[in-house]
Amino acid sequence: MSTILQASDISKVYPSGEDTVTALNHLSLEFDAGRITAIVGPSGSGKSTLLNLLAGFDVPSSGNVTHNGNSITAMPETTLASYRLAHFGFIFQNYNLVSILNAQENVELPLSLASVPRLERTKRAKELLARVGLGKRITHRPNQLSGGEQQRVAIARALATNPSVIFADEPTGNLDSATGSGILELLTGRSEGSEARTLILITHDMEVAARADKIVKIRDGRLDSGA
Ligand SMILES: Nc1ncnc2c1ncn2[C@@H]1O[C@H](COP(=O)(O)OP(=O)(O)OP(=O)(O)O)[C@@H](O)[C@H]1O
Ligand SMILES: [Mg+2]
């Protein structure tokens, strides 16, 4: 099994008024290619911070993150932006959909950035929205969609470029368990018989965590090795 992503001794300290908050405290972790890892832990334990650092949306205060041996941490922002686009898909805890774009346009966005021709990206966006059960909602803007529907648009968007790694912050949080289970299949790519995708997800849902190959527990910004 090969390591696709590696965090080495990463810490994240946020300024907080006069004080600081240590969200991650010297954490080291490896992720195997093609596997599902579930990150679990109490609210405020540092899960979203960890995911943001792994995906290169934020830089650690110290330590290093590498993807296939390439240091994400050392990359200049411009290089990193195209690197993320080529390799990573991200589903944010608050979805981060673009409010003035409709569902289809939101899903097409990463494809436009990757210079995929219009016809192809429209086809791909429609296909993905149908796969997440939103075939009849493609012209709805985020404020015209329910929370679970917005979540599914965010999932379709993350899948659009067919990334080798998907990071997902509570991807099934607003979905019922049957929908959530279908979404999980879609995220892993295992249902398509395509090459296995690496999936790193944060979840409070023990049913979802149980389907992961590995569970990582975080507490107070550290790995929780206890029960
Ligand atoms: N931008 C920021 N500035 C200051 N403090 C922050 C910032 N982002 C997060 N924190 C703090 O860092 C800690 C970890 O936050 P994080 O969002 O990673 O937690 P989490 O495990 O994802 O929680 P939840 O399950 O509620 O989403 C918290 O104490 C939080 O208040
Ligand atoms: Mg969080």
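Parameters at a glance
- Residues numbered from 1 in each chain as written.
- Chains lettered and ligands numbered in written order.
- Predicted model: local features only at pLDDT ≥ 70, side-chain atom pairs only at ≥ 80, totals over all residues.
- Heavy atoms only, no water.
- Helix = DSSP H or I, 4+ residues; strand = E, 2+ residues; numbered from the N terminus.
- Areas by Shrake-Rupley, 256 points an atom, 1.4 Å probe, with all protein chains shown as cover.
- Lys, Arg positive; Asp, Glu negative; His and termini not counted.
- Charge placed at Lys NZ, Arg CZ, Asp CG, Glu CD.
- Buried < 20%, exposed > 50% of the residue type's maximum accessible area, 1.4 Å probe, protein only.
- Contact = heavy atoms within 4.5 Å.
- Donors = N, O, S within 2.8 Å, 3.2 Å for Na, K, Ca; no water.
- 1 Å grid on protein atoms, 1.4 Å probe; cavity = no way out; pocket = protein on both sides within 12 Å on 5 of 7 lines; lining within 4 Å.
- Points joined across faces, edges and corners; volume = space filled by probe spheres on them.
- Nonpolar A, V, L, I, M, F, W, Y, C, P; charged D, E, K, R; others polar.
- Axes fitted to C-alpha atoms, helices over the stretch in contact; angles between N-to-C directions.
- Parallel < 35°, antiparallel > 145°, perpendicular 65-115°, else oblique.
- Left-handed = near helix turned anticlockwise from the far one by under 90°.
- Near = heavy atom within 4 Å.
- Polar contact = N/O pair within 3.5 Å; in protein donor to acceptor, adjacent residues only side chain to side chain.

**Student:** What is the right way to look at the overall build of the chain in this model?
**Tutor:** Helix and strand content of the chain: seven helices and ten strands. Principal-axis analysis of the C-alpha atoms places the extent of the chain at approximately 45 × 40 × 40 Å. Counting only carbon and sulfur atoms, one obtains 48% of the accessible surface of the chain, whose full area is about 10900 Å². Across the chain, the 22 positively charged side chains and the 23 negatively charged ones have centroids separated by 7 Å.

**Student:** When you look at the environment of leucine 128 in this model, what are you seeing that I'm missing?
**Tutor:** Secondary-structure assignment places leucine 128 in helix α4 (residues 118-131). Under the relative-accessibility criterion, leucine 128 is labelled buried at 5%. For leucine 128, the contacting residues outside a window of four places in its chain are Val107, Ala156, Leu159 and Ala160.

**Student:** Mind showing me how you'd approach the coordination of the magnesium ion (ligand 2) here?
**Tutor:** As a benchmark, a tetrahedral metal site with four donors has ideal angles of 109.5 degrees, while an octahedral site with six donors has ideal angles of 90 or 180 degrees. The coordination sphere of the magnesium ion (ligand 2) contains the protein donors Ser48 (OG) and Gln93 (OE1), at a distance range of 2.0 to 2.5 Å. Remark: glutamine 93 occurs in the loop between β6 (88-91) and α3 (103-113) and serine 48 occurs in helix α1 (residues 47-54); sequence separation between them is 45 residues. The exposure class assigned to serine 48 is partly exposed, which follows from its relative accessible area of 23%.

**Student:** Please clarify how the layout of surface pockets should be interpreted in this entry.
**Tutor:** Of the voids in this model, the largest pocket is the one considered here, and its volume is about 400 Å³. Lining the largest pocket are 16 residues, with Phe57, Leu85, Phe88, Phe90 and Pro110 positioned closest to its centre. Residues of the lining of the largest pocket, tallied by class, amount to twelve nonpolar, two polar and two charged.

**Student:** Hey, could you run me through the packing of α3 against helix α5 (residues 147-159) in this one?
**Tutor:** Angle between the axes and distance between the axes are the two parameters that describe a pair of packed helices. Look at α3 against α5: their axes get within 7 Å of each other, and the N-to-C directions meet at 30°. Taken together, the axis directions place α3 and α5 in an arrangement best described as roughly parallel. Handedness of the crossing formed by α3 with α5: right-handed. Residue-level contacts link Ala103, Asn106, Val107 and Pro110 of α3 to Val153, Ala156 and Arg157 of α5. Of the residues belonging to the contact of α3 with α5, the class tally is five nonpolar, one polar and one charged.

**Student:** Before we go on, may I ask you to explain the site of ligand 1 in this structure?
**Tutor:** Around ligand 1 lies a shell of 14 residues, among which Ser43, Gly44, Lys47, Ser48 and Thr49 are the nearest. Residue threonine 49 places a side-chain N or O atom 2.6 Å away from an oxygen atom belonging to ligand 1. For ligand 1, the protein covers 62% of the area, taking 640 Å² as the surface of the free molecule. When contributions to the shell around ligand 1 are tallied by element, the ones reaching two or more residues are β1 (3-16), β2 (19-32) and α1. Taken together, the residues that form the shell around ligand 1 break down as five nonpolar, eight polar and one charged.

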